[in-house]
Amino acid sequence: MPTYGKGLRGLSILTFVTIAVALILVFFYVPLDATQGFIQKIFYIHVPLAIVSLCGFVFGGVLAVMHLRTGDRRYDLRSYVAIHMALIFGVAALLAGSIWAKASWGHWWVWNDPTLVSYLIVLLMFATYTPLRFSIEDPERQARYASVFAIVGGAFVPLNFIAVRAAQEYVHPRVLTLTGSNLPGPMLLTFLVSLLGITLLYITLWKYEMAAKNTRIQMRALRRRLLGDDDISPLQRSAAPSL
Amino acid sequence: MTLLGIAPALPLHAAGKYVAGAYIVFVLVILIYVAIMAVRLGRMERQLVELNRDLERRDQAATEQDRDPGSTSAEPESEPDAATGSDAHREPAPVSGSGRLGDSSL
């Protein structure tokens, strides 16, 4: 059994320091945006959260590929946790974005922007991942079907991204392009530190969740060895992989 | 014309609550997650205590069996001794989940 708690302390400290530095840069260093003013500071939390959540979905898909290739159920667990965390980050990105939209555009949501709507579609699609898992009782089938779903969903994310980029009419500003960024130096630096902080937070929470799940699984195995199979209550139906 | 084009920059006092709101949402999401993890950790800790108690009970039963090899004390669910018809050495029934304490395969 691998141990996921290894290095978690150092990673947590690094995450905390990076996010603290990012917040200092956001509120005390980076100049106000000429067009949007103070409200643009939401950019440094909303965009990294959205990027990391989308990368998390792709990461979940990659781990699902590993699961189907190797048949090792631990990859299914990793994929499940990766998607679970990405969903949490996605919801936070959506809420932060909504607040920004209300302040900037006067609406909590606009339906005529491909970026917003496509992100919502991705999020809603992955929101069905957990109910899908829960609906399948047999753990083997559950893991296999969930992996197929995660791969298709993970592949859909970059495709979706390209489609949105190809769109001609949008409300969302284009700050980061394939040829580089339109941000001035201090803003780019702050954005990159924020992105690093949120990425580290994602990795830390992923490891944290994996360590917790791994501990629970090991404790159950220990209990089974100690008391025998008959004395362990059967696992309740769950969306989480049981191993 | 885009929506951005017609939306003027908000003054600081008006924009502040939105910026605060966005960052508070982020902190809240993290806090809720940490709270859920804390509940799970508490549950795991209780299970660990229970596991330790079961282990101690098993060790105690094994020690008593070593001291008195003829005893059936390690099998709480076993029938009374057929030779004597007595169940004087029988251990009290375990509180929970210890029906197989004497299982040699452990």
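Everything quoted here is computed from the prediction, not taken from an experiment. (Residues numbered from 1 in each chain as written. Chains lettered and ligands numbered in written order. Predicted model: local features only at pLDDT ≥ 70, side-chain atom pairs only at ≥ 80, totals over all residues.)

Asks: So what's going on with helix 3 (residues 73-105) of chain A? Which residues, and what values?
Replies: Under the 1.5 Å per step criterion, the end-to-end length of helix 3 of chain A is 46 Å for 33 residues, consistent within 8% with the ideal 48 Å. Counted residue by residue, helix 3 of chain A has 25 buried out of 33 residues, so it is predominantly covered. (Helix = DSSP H or I, 4+ residues; strand = E, 2+ residues; numbered from the N terminus. Expected span 1.5 Å × (residues − 1). Buried ≥ 20, exposed ≤ 12 C-beta atoms within 10 Å, placed from the backbone.)

Asks: Pulling in residues and values, what's your account of the environment of Val-49 of chain B?
Replies: As for its position among the elements, Val-49 of chain B is in helix 2 (residues 12-67). Separated by 21 residues in sequence, Val-49 of chain B and Leu-28 of chain B place their C-alpha atoms 31 Å apart.

Asks: Would you mind going over the packing of helix 3 of chain A against helix 6 (residues 139-166) of chain A in detail, with residue names and values included?
Replies: All names here are of chain A. Across the interface, helix 3 lies against helix 6 with an axial gap of 10 Å and an inter-helix angle of 50°. Taken together, the axes of helix 3 and helix 6 are oblique relative to one another. Both helix 3 and helix 6 take part in a crossing whose hand is left-handed. Note on element contacts: helix 6 touches helix 3 through Ala-143, Ala-146, Ser-147 and Ala-150, opposite Arg-73, Asp-76, Ser-79, Tyr-80 and Ile-83. (Axes fitted to C-alpha atoms, helices over the stretch in contact; angles between N-to-C directions. Parallel < 35°, antiparallel > 145°, perpendicular 65-115°, else oblique. Left-handed = near helix turned anticlockwise from the far one by under 90°. Contact = placed C-beta atoms within 7 Å.)

Asks: So, the environment of Leu-123 of chain A: which residues are in play, and what are the values?
Replies: Residue and element names in this part refer to chain A. The residue Leu-123 is located in helix 4 (residues 114-127) in this model. What makes Leu-123 partly exposed here is the crowd of 19 C-beta atoms within 10 Å. Taking the C-alpha atoms as reference, Leu-123 lies 9.8 Å from Ile-88; in sequence the two are 35 residues apart. Residue contacts for Leu-123: discarding those within four places in its chain leaves Gly-90 and Leu-94.

Asks: Describe helix 1 (residues 8-29) of chain A, with residues and values.
Replies: Residues and elements named next belong to chain A. An ideal rise of 1.5 Å per residue puts 32 Å on 22 residues; helix 1 measures up with 30 Å between its terminal C-alpha atoms. If you check which residues of helix 1 are buried, you get Thr-15, Ile-19, Ala-22, Leu-25 and Val-26. Along the long axis of helix 1, the arc covered by the buried residues comes to 120°, so they all point the same way. Those residues of helix 1 that are exposed and aimed more than 90 degrees away from the buried face are Arg-9, Gly-10, Ile-13, Val-17, Ala-20 and Phe-28. (Arc of directions from axis to C-beta.)

Asks: Requested: an account of the nonpolar core, with residues and values cited.
Replies: By size, the foremost hydrophobic cluster in this structure holds 64 residues, and its most contacted members are Ile-42, Leu-49, Phe-89, Ala-92, Ala-96 and Ile-99 of chain A together with Ala-22 of chain B. Put simply, the parts of the chain that give this core at least two residues each are helix 1, helix 2 (43-70), helix 3, helix 4, helix 6 and helix 7 (185-227) of chain A together with helix 2 of chain B. The element that contributes the greatest number of residues to this core is helix 3 of chain A, accounting for 19 residues. The residues contacting Ala-92 of chain A, other than those within four sequence positions of it, are Leu-49 of chain A together with Val-25, Phe-26 and Val-29 of chain B. (Core = buried A, V, L, I, M, F, W, Y, C linked by C-beta atoms within 7 Å.)

Asks: Summarise the packing of helix 1 of chain A against helix 7 of chain A; cite the residues concerned and give the values.
Replies: The angle between the axes and the distance between the axes are what describe a pair of packed helices. Residue and element names in this part refer to chain A. Viewed as axis vectors pointing N to C, helix 1 and helix 7 meet at an angle of 150°, and their least axial separation amounts to 8 Å. If you check the angle between helix 1 and helix 7, you find them roughly antiparallel. By crossing handedness, the relation of helix 1 to helix 7 is classed as left-handed. Residue composition of the contact of helix 1 with helix 7, grouped by class: 17 nonpolar, seven polar and one charged. (Nonpolar A, V, L, I, M, F, W, Y, C, P; charged D, E, K, R; others polar.)

Keep in mind these numbers describe shape, not what the thing actually does.
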